[in-house]
Amino acid sequence: MSLGLFTRVNFWWIILVVSLTIETSRVRCHSCHEVKTAFQVRQIGPLKWVPETPGTDVDLLVCKHQGPSCCTRKMEESYQVAVRRETVQNIRSYSFELNYLLLGHATAFQDTFQSLMTFSMTHISSLFESSYASLSLDAGPLVTRLFSELSLYVRGGNASVEASVHRFFDDLFPLVYGRLVNPGEEAASGAGGLSGERLDCLRMTRQDVNPFGGHPRALARELGAALRAGRALAQALGLGMELMNATDAAVLSRDCSRALVRMQYCAHCRGLTLIKPCPGYCLNVLRGCLASLAELNVPWRRHVALLEDLTHAVAGQHSLELALLGVEGQVNDAILYAQLNGPRLAATVDKVCGPSTAEAPGSHTPTEGHWSSSASASTATATATATAPPSSTPFSDGPDVELRGRLAHLRSSLPLKPSKSDKPKSLKKISREFVGYIPRYKTFFGALPEMLCEGEMGMEFTCWSGDEVVESYTKKVVGNGVHAQRQNPELKVRGADPALMEVKARLEQFSQEIQESMPGLGHRETWVETGSGVAEGSAECDDEDGCQGSGDGTGHQETPGVSGGEVLPGRYPGPFSPKQPPVVRVKGAAPPAPLPGTLLMLLLLLLLVPQWTVL
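Residues numbered from 1 in each chain as written. Predicted model: local features only at pLDDT ≥ 70, side-chain atom pairs only at ≥ 80, totals over all residues. Heavy atoms only, no water.

## Section: the nonpolar core
Soluble, globular proteins show a tendency: their nonpolar side chains are buried together. Grouped together as the largest cluster of nonpolar side chains are 129 residues, with contacts concentrated most on L102, F128, L223 and L227. At 16 residues, the largest contribution of residues to this core is made by helix α3 (residues 73–131). Discounting residues that sit within four places of it in the chain, L223 has contacts with L150, V161, V165, R228, A323, L324 and V327. (Core = buried A, V, L, I, M, F, W, Y, C linked by side-chain atoms within 4.5 Å. Buried < 20%, exposed > 50% of the residue type's maximum accessible area, 1.4 Å probe, protein only. Helix = DSSP H or I, 4+ residues; strand = E, 2+ residues; numbered from the N terminus. Contact = heavy atoms within 4.5 Å.)

## Concerning the state of the cysteines
Applying the stated rule across the entire model yields seven disulfides. The disulfide bridge from C32 ends at C70, spanning 2.1 Å between sulfur atoms. Looking down the S-S bond of the C32 and C70 bridge, the torsion is -85°, so its handedness is left-handed. Pair noted here: C32 is in the loop between α1 (2–29) and α2 (33–41) and C70 is in the loop between α2 and α3, with a separation of 38 residues, a long-range link. The exposure classification of C32 matches that of C70, with both residues buried. Note on cysteine connectivity: C278 is disulfide-linked to C463, with sulfurs 1.9 Å apart. With the S-S dihedral at roughly 85°, the linkage between C278 and C463 falls on the right-handed side. With C278 in the loop between α10 (254–264) and α11 (279–289) and C463 in strand β1 (residues 463–464), this residue pair connects regions lying 185 residues apart in the sequence. Here C278 matches C463 in class, with each residue buried. (Disulfide = S-S within 2.5 Å.)

## Quick notes on the side chain of T205
Tracing the backbone through its elements, the reader meets T205 in the loop between α7 (196–204) and α8 (206–209). A polar contact is formed between the side chain of T205 and the backbone oxygen of C201, at a distance of 2.5 Å. Each residue touching T205, except ones within four places of it in the same chain, is listed here: V352 and C353. (Polar contact = N/O pair within 3.5 Å; in protein donor to acceptor, adjacent residues only side chain to side chain.)

## Overview of the side chain of T311
Take T311: it is sitting in helix α13 (residues 297–315). A relative accessible area of 1% means that T311 is categorised as buried. Apart from the residues within four sequence positions on either side, T311 is in contact with F109, L233, G316, S431, F434 and V435.

## So, the confidence of the model for the protein chain
For the protein chain, per-residue confidence averages 74 on the pLDDT scale, and 65% of positions sit at 70 or higher. Counting interchain partners and residues more than four positions distant, the pLDDT-below-50 stretch residues 1–7 has zero contacts. Note that residues 358–422 has pLDDT below 50 and, in this model, 126 contacts with residues that lie over four places away or in other chains. (pLDDT = per-residue confidence, 0-100.)

## Considering α7
Among the residues of α7, R198, C201 and L202 are the ones counted as buried. Along the axis of α7, the buried positions cluster into a sector of 95°, meaning they face one direction only. What points out from α7, more than 90 degrees from its buried face, is the exposed set E197 and M204. (Arc of directions from axis to C-beta.)

## Describing the packing of helix α5 (residues 161–181) against helix α14 (residues 319–340)
Taken N-terminus to C-terminus, the directions of α5 and α14 make an angle of 45°; their axes are 10 Å apart at the nearest point. In this view, α5 runs oblique relative to α14, as classed from their interaxial angle. Relative to α14, the crossing made by α5 is right-handed. On the side of α5, the interface is formed by F168, F169, L172, V176, L180 and V181, while α14 contributes V331, A334, I335, A338 and Q339. The residue inventory of the contact of α5 with α14, partitioned by class, reads 10 nonpolar, one polar and no charged. (Axes fitted to C-alpha atoms, helices over the stretch in contact; angles between N-to-C directions. Parallel < 35°, antiparallel > 145°, perpendicular 65-115°, else oblique. Left-handed = near helix turned anticlockwise from the far one by under 90°. Nonpolar A, V, L, I, M, F, W, Y, C, P; charged D, E, K, R; others polar.)

## Some thoughts on the packing of aromatic side chains
Given two aromatic rings, one states the distance between the centres and the angle between the planes to describe the pair. On inspection of all chains with the given rule, the structure shows 13 aromatic pairs. Each ring, one from F96 and one from Y100, has its centre 6.2 Å from the other, and the planes form 25°; the classification is stacked. Taken as a pair, F96 and Y100 lie in helix α3 at a separation of four residues, close to a single helical turn. Of the two residues, F96 and Y100, both sit in the exposed class. For the pair F444 and F445, a centre-to-centre distance of 5.0 Å together with 85° between the ring planes defines the contact as edge-to-face. The exposure classification of F444 matches that of F445, with both residues buried. Aromatic ring contacts, followed pair by pair, group F168, F169, F173, Y177 and F212 into a single cluster. A cation over a ring is seen here: R231 above Y153, with NZ or CZ 4.6 Å from the ring centre. (Phe/Tyr/Trp six-rings, centres within 6.5 Å; stacked < 30°, edge-to-face > 60°. Lys NZ or Arg CZ within 6 Å of the ring centre and 35° of its normal.)

Structural data, given as C-alpha cells:
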C-alpha cells in the first residue's frame with residue numbers, strides 16, 4: 001500500500017513540474033523583452049512605449065495581423081520616423097563618395113585652370129616689359145582684363161572668348177600704331193599722345209584695317225576651342241553636384257515609409273527581431289521608394305560619358321595648356337606683323353582715319369621688338385609680301401617664315417608644368433584620376449536599390465515576406481523606374497518627384513546642347529563595355545609621374561592613335577574617334593635589333609644539334 005501511495009505522489013509531482021515548465025516557456029515566448037532591446041539599441045523612441053507582454057487588442061495601421069503584438073500605435077509612428085532617417089542616411093552614405101569625387105575634381109580643375117591663366121598672363125607681361133617697353137605700362141591693364149574675362153568664361157560667366165580677344169587687339173592697335181609703327185605721330189601730338197578721335201578711329205577700324213593679320217582670329221579660334229571644353233567640363237561637374245544634392249534631399253512618400261516599416265519592423269511586433277526580409281521583397285520595396293531616382297539612370301549614364309569625353313578634350317593632348325601658352329606667341333607675332341607692314345599700314349590708316357598732323361622721318365620703321373631698327377621698311381615689306389598669300393583684307397593672314405623661326409625658341413622654352421620638386425598635380429594627372437574613378441558610378445542610380453538591400457536581405461533558409469516567415473518570396477519582382485511600379489505588389493507609386501524630374505530635364509538639355517556645340521562628345525554608351533569601367537590607358541605612366549619609356553631613356557611620348565607619323569586604321573588623327581574610345585599609348589623606343597654575331601651563334605647551334613643527336 002505504501003508503494004502505491006508513493007507511485008501516485010510521484011506521478012502528480014511529475015505532472016506539476018511539466019505544467020510549470022510549459023507555462024514558463026509560454027510566458028517567455030510571449031515576452032516583449034527582445035523587442036524592447038532592439039527598440040533601445042536603434043534609438044527609435046522612449047522605452048515606455050514598448051509593452052512588457054504582447055497585447056491582443058492593439059489598433060495598428062501598418063503591422064496588422066491576427067494574434068498578440070508587441071507594437072503600439074506610438075511605436076508605429078516612431079518606426080516610420082526611424083525608417084525615413086535610416087534610409088536617407090544610407091542613401092547619403094552611398095552618394096557621399098560620388099559627391100566628394102565631383103566636388104574635389106571640380107575644385108582641382110578650377111585651380112589648375114586659374115594657375116594656367118596666371119602663368120600665361122605673366123609670360124605676356126614679361127614679353128611687353130622685355131621686348132616692347134614703350135607699350136608695357138599701358139598694355140598691362142589690357143592683358144589683365146583679357147585674362148579676367150577668359151577666367152570668367154571658364155567659370156561659366158557671361159563672357160565670350162572671341163569678343164574678349166578682339167577687344168584686346170582693338171585696344172592694343174592704337175598703342176602699337178602710335179609707338180611702334182608711326183611713333184612720330186604720337187610724339188607730335190604732345191604728352192597726351194594721340195587725340196581722342198584718332199584713338200577711337202584706330203580702335204573701331206582695327207578689324208577693317210587688319211593690322212595684325214590673321215593672328216587675332218587664330219588666337220580667338222584656338223582659345224575658343226580649348227576653353228569651350230574647359231567651360232563645359234566645369235558646368236558638367238557643377239550640374240553633377242546639383243544632381244547629388246537633389247538626391248540627398250529626395251523625400252520619401254508616406255506609402256514608401258509604411259512599406260519600409262512593414263519590411264524592417266513589423267516582424268519585431270511578433271518578437272522576430274533577427275529575421276531578414278526576403279531579397280525579392282526588399283527589391284520591390286526599395287525600387288518603389290526610389291522609382292524617381294531610377295528615372296535618372298539613363299541621363300546620368302550619358303552625363304558620365306560626357307564627363308569622360310570633356311575631360312579628354314581638356315587634357316588629352318595638353319590642348320588647354322598649349323592654347324594658353326600660345327597666347328604670348330600670337331601676340332608677339334601680331335605686333336611684329338604690324339611692324340613688318342608699317343608703311344602700308346600707315347597709308348591705310350591715313351585713308352581711313354585721315355592724314356596725321358605730323359610725321360617724323362623714318363617713323364614707319366619698326367623701333368622695338370625682335371627686329372632691328374636698322375632694317376629698312378622696304379625690306380620688311382618685301383619679306384611680309386613674299387611669305388603671305390593674298391587675301392581680301394588690306395594685309396595678308398599668312399605668317400612670316402623667318403619670324404616663326406625666331407619665335408620657335410620662345411615656345412620651346414616655356415614649360416608645360418612646374419618642376420617635379422614642388423609642383424601641384426598637373427591637368428593631365430587630375431584628368432587621368434577622374435577618368436579612372438567616375439565610370440564606377442555610371443550605374444549609381446540604377447543599382448541604388450540593390451546596394452541598399454545588400455545589407456538588409458536575408459540569406460538563410462527562411463526570410464520575412466512582410467506578412468509571415470517564408471522559405472522564399474513568391475511575388476513578382478518589378479524593375480526600376482516609375483512605369484515599372486504599376487505592377488509592384490508591395491506599394492503604390494503615385495508619380496515621379498517633380499524636383500528630380502526637373503534635374504533630369506536639365507541633364508538631358510545640357511547633354512543635347514554640348515553635343516550640338518561640340519559634335520562627337522557623349523557617345524560612349526554605344527561602345528562595348530569592358531567590364532572594369534576604367535578607360536583604356538588610365539593606368540598609363542608618363543613623364544609627369546617620373547616615368548620614362550624603355551629604350552633610349554628619353555621618355556618620348558607619341559601622339560595618341562599615331563604610330564610613326566601614320567594614323568592607325570579606323571581612327572581619326574585628333575583626340576576623338578566616333579567609333580571607339582580614344583586610346584592613349586605611351587611607347588618607348590623599340591628594342592635593339594639582334595646583332596649579326598647573335599644570329600651566327602644561333603645558326604651554329606642549329607647545325608650542331610643533329611651531330612649531338614647522333615652521338
